[in-house]
Each structure stands twice: as structure tokens, then as C-alpha cells.
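So you can see what is in the structure, the chains are spelled out below.
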Amino acid sequence: MTHAWPMPGSSSSHIPKLKPWLICTLLSLFATHSHCNGGLDIPQEVNLSTNIESHRSQQLSISWLGGTASTFDLIVLRTEFNETVFYETVTATQENGRHHWNWTSAEPLKCTSLSVRLRSRDGQKTSDWSTTVIYRGLDDPSQTGSRMFPQDPVVLVGDNITVCCIVGERMEFGNIRYNRTVMDSVRLSRRSYATTKTNLKASTLTGTNVFCSSALNLLTGTVVFVGYPPLPTDLVCETRDLTSVICQWSPGNTHLHASRRTFYTLNGRDCAEANPKKPPTDCRLPEWAGNWTLVARNPLGQSSLSYSAQLSHRVHPVAPANLTAVAHAWNATLLWDWEYATYAPLALACQVEITLDGHVKKRTFSGAGLRSVALLDLVPVTEYQVRVSCGAQQNFWKWGSWSKTLAFRTEIDVPEAPDLWVSLDKDNTGNVMGQFIWKPLTHRQSHGEITGYELNLWSPEENVQHTETLAPGTHQTPVNLTHMAAAGQVVATLTARNAAGVSPPASIVIPKPKSDPEPGAVSRVAGAGGGFPLSWASDANASQGYVVEWQEATCLHDCPVHWTKVAAERANVSLVSDSFRAGVRYILSLYGCSPDSTELLQRWQGYTQELVPISAVPSLTTNQRNSDIELTWQEIPVADRRGFLLGYRVYLITDRQLTLFANLSGPGSRSYTVKNLPIKFYKFTVKAYTSAGEDTGSTASITMASYTDWLLLEILASLGTMTLFLFIVTFVCYKKRKWVKKAFYPDIPEPKLAGDWSTTQGPLDVKPHANSMVHIVDESAWDSSKEKLVVIPEEDEDEERGVRDDPVDTDEPMSIRYYNQVVDERPIRPRYPDSSESSASSLDSARTDVTYTGIQTSGSSLAFRAEPIFSQGGQQPQGGFPVSPAGRGGGYRPQVQPEVPGPDPLPVAPQSFPEPQPEKGGSFGSYQPQCSWQLDSPGDGDGDGDGDEGSIGAPSMGSPTSVASTQFLLPQEEEGGSEGEGSSSATTWLHNLLSSTKS
């Protein structure tokens, strides 16, 4: 066990040291052992040497003279602390009488002083210890500065390294840092400290820094370079001039640079370094050897590579020199030179790289000592860039170096024929308008700057020609083809012109104008890959191929037209164009072209990609119908559909959630009725959908009202409608009141009588007129409904005055005369058939003819109900008419008195009429009718003939009218206040109104 003692300047209070009793014991054992083995030689002339150029050579080489012994005990101690570092029995080698053995130290040898002693050993016998030999480290008190070892070592990746720091005198040690990591340190001596870094990683270009610091300052440091031994690969040797050799290899990365870099030799010759900072990658020798060996060395080791080959198999040509070109419109010739004359007999294969508009193409040529090639199929007026590289045609090894790039421009030439098409349509006036369109010629097609176009239209049948010259920037022109198309076939020809001449003509036979397709004539096509895959049945007449035309379906005016031409032997095409847009409907038309015509064969419509509709369902409205709700909406415009509509979906919104209510398939749906709903608030959303999905939807809400409310609304609406109608009728009647009055209420002409009626006349003896005679007909089978007084029409006054047994049935108007009659003091006498006829002549001058229209008959005759004038007791009649008293004016009263029906009608007895009583409020000074006329009405419903006057419907004739007019002479006057008479009066007015309208 060892102890340390205090060192000057140390902060430690004590240092461990050997105990006295242990030293005495060891000395006693050594003395006893020496005494017992006194026959072995003690090693003499111990010598210590070292090589500290690298940490790997930090070996202490020990040599001594030791007699015949072959094994020795070796002990190495740190001198200052007397700590044992190494103590083992070793077998030494002997050379020139000296024994040698090498000991490798874990720490750099200069970090601290070491003491070495030896003794000979032969089995259990040992000699005495040799004299202690000390290897002086740099921590000796005579060296006062701070130092760190090893300095700039080169270490293999994955190894360990121990570094030590010697602190200067009177300085305090702080720590040792590897890069930025503080390391654990071990104290070796009073001023020396050491640390070990294991598993080293490859360092950077400048190595890894290690620092030794005090508590406040940096004391010293070193740089560690960690890398690999050299390991070159891929050694290849070839010739460029068919004489010398150049070998190349891949050096690999050793992570060691500058003075620690790798050095190479090829077949024992040092390879010159073009750049000392970089390892060489090739080495040149003046002559071809056939076999080569490459050796690489660096501080961590060395390696070697070998290679062998024949010269003809390793030819790598140099780059062609002096490249030039002779250019024409469609071709060019390239020429170049070779640097070495030895290439003249060599069979070469050369590739020419042609660059046009960023696109690169290569063409290959071959020949012995090749120096020129011809480039064909070039484009006129085009800039080209070319370069050339060659290789050995036989035993090809690799392509040689590229020449410098050469640029040249081809000459001008006539343009190519334009791609012509025509789109026909009819305007509103029936004119056939042709829009001639052609694709702009590209730079590769124009072969120079276009100076203009010429369009020629020719009708072979009429031999009519029309020519137009167009500006160079024109690519379409409209032409009215009405007259030429009517003449028959029209052929259009287009040519382009530049400075070199006129292009070949592009011709087309103008097709018939497009008409609206019949339903079902346009089929659907599904888009794919951003275009349309089309196929059709081959047409034998399309000998000049097909034309596929497309345009947007929603475009109405000045629509851009696109087309492509398809060879006659093909029956399908995949349309792909930059003009296609997703969500746009296109109409595609297929035309078959022949020398005589261009015919429309088929039409399609479709989308390259269907999208959801861009707009919601327009104008969504709700309408309540009792317990049902009707949803209605309008059609989505085609431009907003962005796909083929598959139908509509109706959703009910509840708690911010959509519940599918109905799925209406088919785009024609415009309404939907939700039935049998309870009265509450509802919110609906209608969404149109395509194959891509639904639109955003339109929302409408409604709060259902009570059904009675709707009934009231309907009643009010009906009343309002009737009120409006009546107001309109009233307004029209007011505006046309003159016409209405003339049509329905014309002025009644006043009767004009001959003679002077201003004075009162005396009493007249009135003789009953023949037509006023009344006969009572006695029938054996009495019928109360037919017992009437019969009015005998005036047919033949001289021939017939007797009684007729059968009633008169006629629809013709009856002409009955009545007279202006002056009522005197004498009672009025009834008129009988046997009355005196003398009075007739006295009134002939005063009679007025009145025609009764609308005479109604009961049964088959016109009759009055029979009513007795006098009772059996000579009493006055019960239901007689009131009669004006004598002397009360010149009025007149009816001449026919109604009779009360009875079971046994009797003849009327002649008797004077009683004095009639005047009516209340009656006035006879005016013109009055002779009877209160009524329409025919059925008699008393009980059939017994009993009833009062108001309820007995008597046959009647219409109101009296003038002979010259069919209008009423006087308005009907109510003579009784009964309800029946009022109803009959209103009915009479309506009947006469209708009768007068008919007349």
C-alpha cells in the first residue's frame, strides 16, 4: 500500500505514503531471498529509450545486461508518488549480450517521471534488484510551463486515447475538456493530470480540440485527428492518345487531410498531386505497361490495388475540336478536327446531341477517323445547339469527352398547309353563315414569318368563285354562303404565305348547316383522364378521314370551336386538349370527309369531369295545402349544373341535422308535396345532385297555419274576387249606360189617339166586340184544372160568332181590341153575345189595337178560371174587382171578371153590376190596363179548387203592348199586398224581359 505526501503548492492536507513496518518487512524478505539466491546475476547497465512521435509509439524500450537468466521481474513506478504502474515477470529477448523488452505506457511518457528496476529470476530464485533508473517526464520542477501530451495525435476511428495536462508551477488545475465535454481526470503527479476518451468518432477537417484549463484561464491544449487508413477502390487504366496511359481510382474518405493525407505511388512512381489539399484521383505514365499496382499510405496505415488490360480495349477518345456547321432549310453538315493523328485509322462511332427548345435528341454516326456528319429532317428557321462525342467502334470502352456546344440556324422555306375547318349556322333571316377557322401555324410549321392568308370559295356546279386575302394575324373569318350553298357543293381552300412562297392548299367540302338535334340524337359520353374517349362505326364514305369538332354547350354566340382530324382507317380517338375544363358540358360532333362532301355522322355531349352544381336550386318556395306542404323550385341553368343532374333530394332540417325526406330521381322534377303533417314550424332543404355529389342546397321554411284560417282566407279571397268582378261589371255598365238603356230599357212610345179628348164625353153604349165574347163550356168530365174561360181569338169576324166546344191552342200572339170607355152614372152592364151591336160602331173610331205577347195556355187552351158574378141570393160577387164610381174620371177597368170555381158552373145571368167602390188611393185619371196580367202558374195545390184569390194561379197573358212595339206599355202595378202577387209580378217582369230580348 502506498501513501502520498504533501506537495508544494498543493491544496491537499496530506499525501498517502508507505508505512514503516511494511518497508522493514520487504527489506527483510529481499535480504533473505538474496542470501538464498546469491548465484543469479543482478541486471546491470539498465538503459531506457523511447519514441514519442505518435501515441502508438509511446513505448519505453528497456535494455540491460543480465547474465544467463531469461526471465526477469520488472517494476515501473511513478517516481514522484512512488506508485506502481507495472509489476510483472517478463521474458526478454537477447541481442549482442543485452536483454531487451518494450513496455507500453497508458499515458504519454512525458506526462510524468517513471522509475524502473529489474531483477533476474530462475524459477523461485531471484537476484537482487537493479539500480533504479528514472525516465524523466516534463513535470520535473525544472520545467515550469504548462504542457499537454500527446500533441496533434492521429487516432483510428473507434480507438481510445489518453491525454495528460502538466500544470505550470504555482497554477491550479481546473479540468480537461474533449471538444465541449468535461472529462474525468486522474492525478499522475504533483502537476500532471490525465483523462481517457473511448470509442472515438471521425473528426472534422480541422480535428477535435482538447483543452486543459484552470479555474479561470485556459492553460494549454491539443488537437486529435481521428480517421481511417487509406482504402482506394476502382482502379482503372486507359489511353486517350493510343500511346500513354492514365490510371484513375476512387480514394475514399480517410477524414485526414494536409500533412496527414494519403500519398500514392503507381508502379513505384510517386503520383503528382495537382491539388495538395485534395488526394489525387489519377496518375499518368508515358507508356502502356499492361499491369499496374497502386500503393496508398497515411499515418494510420497503407493499402494497394492492381489492374491489367490491353490497349485496344481501353481507348477513351478525346473531345472533337474546331466544331463548325453548314446549315440549310431542312438539313445541316457538322465538321470537326482530332487532336491526335493516331485517330485517323481508328474506327469511330460518334453521337451528335441536338437541342431544340429545351428538348434533347441524339443521333449516332460511324466511320474510320470520322470528321463530319450530315443532320437531316431539320426545321426551317430554327435555332439548334449541337455537340459531338465519339468512341471506339470495335471493343467499345466508353464515349469520349463532349466537344464544345455549337449553335446554328436553318434557312427559311414555304409554310405547311394550314389546318382548316368551317362551322356553319343559320341566322334569324335564314342566311347560311360560315365561320372559317384555321389553327395558327406554329414556328415549326410556318418556316418563317407569315405575311398573309388567302381564302378561296368555289362552287363547281355554278363555277362561282370567291377569294379573300387576310392579314397574317387572322385565324378566322365569317362568310355569307347563302347563295353559293343554294347552288350546290362548295369547296373552301386556304393557303398561307411567307417570304419563301405559298404553302400547299388546305381544302374542305363545306358541310350542311347544323340543325337542332332531335331528342335522343345526342348521346352521352363520359370523360376520362381530362378528355373524352370516343369510338364510332367506320364509314366507308369517309375516305379522307374524320373530323371531331367540339365546343361548349352553354355558349350561344361567337363560340370558340376546336377540332381534330382522324385518319380514315381509325374509328376511335382519345380527345385531350388544354381547352377542356372540368364541370363544363361540351357538344362533340363527328364528321366524315370524302372528296365530294363532309357529312355529320354522330354527336355526343358530356363532361371531362363532373362536379357538384355550382349554384343551389333556384326559387325554392313553400305552399300549404291543408295538412300538406308543397315545395316548388325552378330549373338549374345548364351552365351551373357542372354535370348531368341525376335528381333532387329533399331534406327536413331538425336540430341542425339534415334528414333525407325524399330522393327524386330524374332532372325533370320541379315540385314535391309532403303530406299529412302536423301543424308546426318546418324547414326544408332541396339539393340537386350529380355523380360528383350534391350542391349547397336551397332552404325554405314555413309555419303551418290552422285549416280554418285557410278556409277563411279562401272565403275572403272568393268574396274579394266577386267584389272585384261586380265592380268591373258596374264600371263597364256605367261606361256603357247608354247602350244598356237602349238594349234593356228603351223609351216607351206614348199612345196617340185621334180626336179631341180634352173635353168630357157623354156616356157611350159599348157593344161587346166579337173577340171579347166568353163562352162557358160544359164538359161531362169536369176537370178543375181545365175549367177555364176560353179566349176566342179573332180569326174570322163575319163567319164565326158562335160557341166553340174545343179550346184554342195557339202560340201566336193574340190581337184583342179594347176601347177607351167613359164611365157614367149608370151601372156597367156585362157584355153578352146578344147585346146590341149598335155600340160597336160608336166606338170604332176610338178603339186601339193592342197585341198581347207571350200568351200561355193551360192544357191546350188559353182560359180564365170561371168565377160567378152573382151569388144565388142576388148578392154581389165576393171576389169581384173594385169598380170606379160614376163620375170619377175617364178611367177604365178590366172587362173580364174572374170567377170562383165551383163544382157546377152555371151560365152567367144578365144583371146589372153594382156600384163599384173606389180603391184606396186609386186614381182613374190615368191610363190603366184592363186586367192584372200574370204568368201561368199552377192552381191551388190541394186540388179542391178552394182558396183565396192570392193563391189561385189564373192563366194570364203578358202585359199589354202596342201593335207597333213588343215593349210594355205600362209597368205592372200591385193591386194587392199579398206575397203571391209580388212574386208573380217579379216573375212576369223577368219573363217579359226575356221575351223582349228574343224579339
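This text follows the structure it describes.
Let me begin by describing the structure that accompanies this report. (Residues numbered from 1 in each chain as written. Predicted model: local features only at pLDDT ≥ 70, side-chain atom pairs only at ≥ 80, totals over all residues. Heavy atoms only, no water.)

This brings us to the overall build of the chain. For the chain, the helix and strand inventory stands at 8 helices and 61 strands. In the chain, buried positions account for 38% of the 999 residues. Contacts spanning at least 24 positions in sequence make up 66% of the contacts within the chain whose residues lie at least 6 apart. Entry remark: accessible area of the chain is about 56,200 Å², with carbon and sulfur atoms responsible for 51%. (Helix = DSSP H or I, 4+ residues; strand = E, 2+ residues; numbered from the N terminus. Buried < 20%, exposed > 50% of the residue type's maximum accessible area, 1.4 Å probe, protein only. Contact = heavy atoms within 4.5 Å. Areas by Shrake-Rupley, 256 points an atom, 1.4 Å probe, with all protein chains shown as cover.)

Scanning the model with the defined rule gives 24 aromatic pairs in all. Aromatic pair Trp288 and Trp292: ring centres 4.9 Å apart, planes at 85°, arrangement edge-to-face. Here Trp288 falls in the buried class, since its relative accessible area comes to 19%. Residue classification places Trp292 among the buried residues on the basis of a relative accessible area of 1%. Ring centres 5.0 Å apart and planes at 65° place the aromatic pair Trp421 and Tyr591 in the edge-to-face group. Placement of Trp421 in strand E33 (residues 420–426) and of Tyr591 in strand E46 (residues 585–593) is noted, with a sequence separation of 170 residues between them. By relative accessible area, which is 3% here, Tyr591 ends up buried. Site record: aromatic cluster; members linked through ring pairs are Phe532, Trp550, Phe580 and Tyr586. Note that Arg260 overlies the ring of Phe225, its terminal NZ or CZ placed 3.6 Å from the centroid. (Phe/Tyr/Trp six-rings, centres within 6.5 Å; stacked < 30°, edge-to-face > 60°. Lys NZ or Arg CZ within 6 Å of the ring centre and 35° of its normal.)

The next point concerns the pattern of salt bridges. Within this structure, the stated rule accounts for 20 salt bridges. Linking Asp73 and Arg121 is a salt bridge whose minimum nitrogen-to-oxygen distance equals 2.8 Å. Taken together, the residues Asp73 in strand E3 (residues 71–78) and Arg121 in strand E7 (residues 114–122) connect sequence positions 48 residues apart. In terms of burial, Asp73 and Arg121 fall into one category: buried. For Lys687, the salt bridge goes to Glu694, with nearest N and O atoms at 3.8 Å. Overall, the relative accessible area of 12% leaves Lys687 in the buried class. Look at Glu694 and you get partly exposed, because its relative accessible area is 24%. (Salt bridge = Lys/Arg side-chain N within 4 Å of Asp/Glu carboxyl O.)

This is a description of form; function is not addressed.
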